[in-house]
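Survey of secondary and tertiary structure
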Amino acid sequence: PTQRLGFDAEARLSILSWLWADVDISTSKGTIQNLPKGQNYIPLAPTLTATGGISVIREQGFSGSIRFRHLSDRPANEDNSIVVLGHTLFNASLAYNFRQFTFTVYGENLLNSEWNEAQFATETRLKGEKESVTELCFTPGNPINFQFGVSYKF
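Below or above, wherever it landed, is the structure these notes cover. Please read these numbers as outputs of a predicted model, since none were measured by experiment. (Residues numbered from 1 in each chain as written. Predicted model: local features only at pLDDT ≥ 70, side-chain atom pairs only at ≥ 80, totals over all residues. Heavy atoms only, no water.)

Let's talk about the overall build of the chain
When you go through the chain residue by residue, the secondary structure sums to zero helices and eleven strands. Helices and strands in the chain line up, N terminus first, as β-β-β-β-β-β-β-β-β-β-β. Its C-alpha atoms give the chain a radius of gyration of 21 Å, more than 25% over the compact-globule value 15 Å for 154 residues. If you line up the chain on its principal axes, its C-alpha atoms span 65 × 40 × 30 Å. (Helix = DSSP H or I, 4+ residues; strand = E, 2+ residues; numbered from the N terminus. Rg over C-alpha atoms; globule rule 2.2 N^0.38 Å.)

Pasting the structure below:
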């Protein structure tokens, strides 16, 4: 059994008829019940997450957005001796609508931050090692990249 206490907030603002801003923030402190303090962290449970951005939304012509995503450091195991590293990423999109065509470009990780996509405390043992070790294993996140697209509406 676990207990989680936290706070969630979201806000949406129409600055102009075509310009919007939004933000979502969530904080949480989670513990595993019936375990000693300091040994009762919930592995991989987020403590702070946030996402938001500014968007231009139009039927014809240009549309786009600049967005951020934040995930704070968090425990990877019950005693918090291994920590999953947090990250903040900035992404942007730009679209041009012309008749039935939409041309798009999407930029991911615009600041080219080094970040980890998936992270876990995992027991590993390399060839030649006598004892296994529990350590942080991860899949690296994508570096800066751009995607382009064209769509046609029937």
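Once the structure has been displayed, the description carries forward.
Re the side chain of Asn 77
Inspection of the secondary structure assignment puts Asn 77 in the loop between strand E5 (74-75) and strand E6 (83-84). Among the polar contacts listed, one links the side chain of Asn 77 to the backbone nitrogen of Asn 80, at a separation of 3.1 Å. At a separation of 3.0 Å, a polar atom in the side chain of Asn 77 contacts the side chain of Ser 81. Setting aside residues no more than four positions away along its own chain, Asn 77 makes contact with Tyr 41, Pro 43, Ile 82 and Ala 121. (Polar contact = N/O pair within 3.5 Å; in protein donor to acceptor, adjacent residues only side chain to side chain. Contact = heavy atoms within 4.5 Å.)

Re the environment of Thr 51
One can find Thr 51 in strand E3 (residues 48-56). Sequence separation between Thr 51 and Thr 27 is 24 residues, and the spatial gap between their C-alpha atoms is 12 Å. If we ignore the near neighbours within four places in the chain, the residues touching Thr 51 are Asp 22, Val 23, Asp 24, Arg 67, Phe 68 and Arg 69.

Thoughts on the sheet that holds strand E7 (residues 87-98)
The seven strands lie next to each other as E1-E2-E3-E4-E7-E8-E11, forming an open sheet whose pairing is antiparallel. Two strands bound the open sheet, and with one partner strand each, they are strand E1 (2-16) and strand E11 (145-152). Between one strand axis and the next, the sheet turns by 10° as a mean value, whatever way the strands run. The pairing of E3 with strand E4 (residues 61-71) spans eight bridges and is classified as antiparallel. Directly across from Ile 54, in E4, lies its bridge partner Ile 66. (Pairing = 2+ DSSP bridges. Axes fitted to C-alpha atoms, helices over the stretch in contact; angles between N-to-C directions.)

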